[in-house]
Amino acid sequence: MSKSESTWRPDGANGPLLSLYTTFRIGGPCRGLTTCETRAELRRAVEALGEVGEEFVLLGGGSNLLVSDAGVNQQVIRYFSEKPQIARQGNELVVQAATRLDDLASYAVQEGLDGLLCCTGIPGTVGGAIVGNAGAFGEQIGDRVLSVIAMDHHANEREIPGDELAFGYRQSRLQNTDSIVVSVRLRLRLGDRDRLRTRRQEILALRAAKHPDWQHTPTAGSFFKNIEPTSKAERRQAAGWFLEQAGAKALRVGKARPFEKHANIIVAERGCRAVDVLELSRQMAALVKEKFGIELHREVRLLGSWPAGVA
Ligand SMILES: Cc1cc2nc3c(=O)[nH]c(=O)nc-3n(C[C@H](O)[C@H](O)[C@H](O)COP(=O)(O)OP(=O)(O)OC[C@H]3O[C@@H](n4cnc5c(N)ncnc54)[C@H](O)[C@@H]3O)c2cc1C
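Computed from a predicted structure; not experimentally measured.

## Section: the site of the ligand
Taken together, 31 residues surround the ligand, and among them Leu-58, Gly-60, Ser-63, Thr-125 and Arg-207 come closest. Contact between the ligand and Leu-58: an oxygen atom at 2.7 Å from a main-chain N or O atom of the residue. In the environment of the ligand, a nitrogen atom lies 2.7 Å from a nitrogen or oxygen atom belonging to the backbone of Gly-135. Looking at the shell around the ligand, the elements that each hand over two or more residues are β3 (56-59), α3 (126-132), β13 (180-187) and β15 (219-222). When residues in the shell around the ligand are grouped by element, the largest group, four residues, is from α3. Tallied by class, the residues present in the shell around the ligand amount to 13 nonpolar, 14 polar and four charged.

Structure follows, in structure tokens:
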């Protein structure tokens, strides 16, 4: 059942705090937040906000977002479910976008289907992953997408073929549009279940060794995108390497700091503000620009209203 929250807060802000719904644990209030777990709940929430003329922004797992301290002067629909909603049809899977990405990756392994190991252990929902073409090890979810059902803010749905979504490195045509990813059809290939299971465990161990545990350490993963090659002969270069070489790990702003094992990951200690994270990221990027002449681009997306000149 969908769940709405719009309680009055003693600090004067009359909406739920988005810090409760982002892996950075940062973010001010919004006008109201409705969590939808299913396609039907999503449709009802979109229609209900349409009827009262309220605009909204969409949230999945909140794992790729930095929400401002002032929050969002809009309603928020959170399309997120702890219950996986996945159907197998031969080598194809149809998954509701509220499903957690790692639940999907794990399901594929259990079914002996190969093609989603790159999504192993990545937080957030399938919807968020499709929009930002999430992945790792040079592979991404977009490589497997046959089609997507997308809904606009008037609750109209349409099916979009995967090859019209212009998937690129951490990007797709769905970014900066009002399209809500409702569900996704993916084509996988038969694999060896034992080999897939072993590889999944290896990837989880690798991630545990390299990344902070986001359930306990507030972060949104890699803050900057890796550096695009200038020719087809080159590979994408890790932003973390440049940040490390430039000495970014020594930087601190308020309660924001780079993760000790990975210079491209910012972690937020208790009491950290969004503006601290943003200022730290500005200083990190400036170091790389000064030392290497390379411009870093944010992978983490900003949401909300920011003080003038900050974002
Ligand atoms: C510890 C850690 C490790 C990470 N490792 C990786 C990694 O290896 N590879 C990688 O690619 N990413 C990684 N990430 C980043 C993040 O997990 C992914 O980008 C993830 O796919 C974001 O999904 P989300 O549901 O949390 O999206 P959110 O953060 O909630 O939203 C991100 C954007 O997507 C939009 N959105 C969300 N759901 C939908 C929907 N259903 N329809 C339309 N728009 C939607 C939002 O409006 C927003 O603009 C990591 C993050 C953390 C914290």
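So much for the structure itself; the text now carries on.
## A short note on helix α1 (residues 39-51)
Between the first and last C-alpha of α1 there are 18 Å, a value that for 13 residues agrees with the 18 Å anticipated at 1.5 Å per step. Residues of α1 that are buried include every one of Glu-41, Leu-42, Ala-45, Val-46 and Leu-49, and no others. Down the axis of α1, the buried set is contained in an arc of 130°. They therefore lie on one face. Exposed and facing more than 90 degrees away from the buried side of α1 are Arg-44 and Glu-51. Contacts from the buried residues of α1 go to β2 (30-36), β3, β5 (72-79), β11 (145-151) and β13. Phi turns positive one or two residues past the end of α1, at Gly-53, with a value near 70°.

## Let's talk about the environment of Ala-134
Note that Ala-134 resides in the loop between α3 and β9 (135-136). For the pair formed by Ala-134 and Gly-124, sequence separation is 10 residues and the distance between their alpha carbons is 9.8 Å. In this structure Ala-134 touches Leu-101, Cys-119, Ala-129, Gln-140, Ile-141 and Arg-170, once residues within four positions along its chain are discounted.

## A closer look at the domain arrangement of the protein chain
In terms of domains, the protein chain is made up of domain 1 (3-79), domain 2 (86-208) and domain 3 (212-303). When each unit is reduced to the centre of its C-alpha atoms, the spacing between domain 1 and domain 2 is 24 Å. Contact residues are listed per partner, giving 13 residues for domain 1 and 16 residues for domain 2. Summed over both sides, the interface of domain 1 with domain 2 buries roughly 1,200 Å², with 64% coming from carbon and sulfur. When residues of domain 1 are sorted by the area they lose upon contact with domain 2, Arg-39, Arg-43 and Tyr-79 head the list and together hold 47% of the total.

## Comments concerning the sheet that holds β15
Strand order in the open sheet formed by three strands is β15-β17-β16, with antiparallel pairing between adjacent strands. If you trace the sheet from one side to the other, it starts and ends with β15 and β16 (256-259), each paired once. In this sheet, neighbouring strand axes are inclined to one another by 25° on average, regardless of whether the strands run parallel or antiparallel. Strand contacts of helix α6 (residues 274-292): β16 and β17 (262-268), with the helix running at about 55° to β16, the strand carrying the most contacts.

## As for unusual backbone geometry
A positive phi angle is found at Asn-133, which is not glycine, with a value near 45°. Considering the arrangement of structural elements, one finds Asn-133 in the loop between α3 and β9. Even without being glycine, Phe-137 reaches a positive phi, approximately 55°. If you trace the backbone, Phe-137 turns up in the loop between β9 and β10 (139-140).

## Thoughts on the packing of aromatic side chains
Inspection of every chain in the model, using the stated rule, returns four aromatic pairs. Geometrically, the ring pair formed by Trp-241 and Phe-242 is edge-to-face, given 5.1 Å between the ring centres and 90° between the ring planes. Here Phe-242 falls in the buried class, since its relative accessible area comes to 5%. Each ring, one from Phe-242 and one from Phe-292, has its centre 5.0 Å from the other, and the planes form 85°; the classification is edge-to-face.

## What to know about the sheet that holds β13
Across the sheet, which stays open at both edges, the five strands sit in the order β6-β7-β13-β11-β12 with antiparallel pairing between neighbours. Here the strands that pair on one side only, and so sit at the sheet edges, are β6 (86-89) and β12 (157-161). Strand-to-strand, the axes of this sheet are offset by a mean angle of 20°, without reference to chain direction. As paired elements, β11 and β13 share six bridges and run antiparallel to each other. By the bridge assignment, Val-145 is partnered in β13 with Leu-186.

## Topic: the pattern of salt bridges
Tallied over the entire structure, the rule returns 21 salt bridges. When the shortest N-O distance is used, the salt bridge between Glu-139 and Arg-144 registers 3.5 Å. Judged by relative accessible area, which is 14%, Arg-144 ranks as buried. One connected set of salt bridges, linked through shared partners, spans Arg-39, Arg-43, Glu-47 and Glu-157.

The rules behind the values
Residues numbered from 1 in each chain as written. Predicted model: local features only at pLDDT ≥ 70, side-chain atom pairs only at ≥ 80, totals over all residues. Heavy atoms only, no water. Near = heavy atom within 4 Å. Polar contact = N/O pair within 3.5 Å; in protein donor to acceptor, adjacent residues only side chain to side chain. Helix = DSSP H or I, 4+ residues; strand = E, 2+ residues; numbered from the N terminus. Nonpolar A, V, L, I, M, F, W, Y, C, P; charged D, E, K, R; others polar. Expected span 1.5 Å × (residues − 1). Buried < 20%, exposed > 50% of the residue type's maximum accessible area, 1.4 Å probe, protein only. Arc of directions from axis to C-beta. Contact = heavy atoms within 4.5 Å. Domains from an automatic or database assignment. Buried area = accessible area lost by both parts, 1.4 Å probe. Pairing = 2+ DSSP bridges. Axes fitted to C-alpha atoms, helices over the stretch in contact; angles between N-to-C directions. Phe/Tyr/Trp six-rings, centres within 6.5 Å; stacked < 30°, edge-to-face > 60°. Salt bridge = Lys/Arg side-chain N within 4 Å of Asp/Glu carboxyl O.

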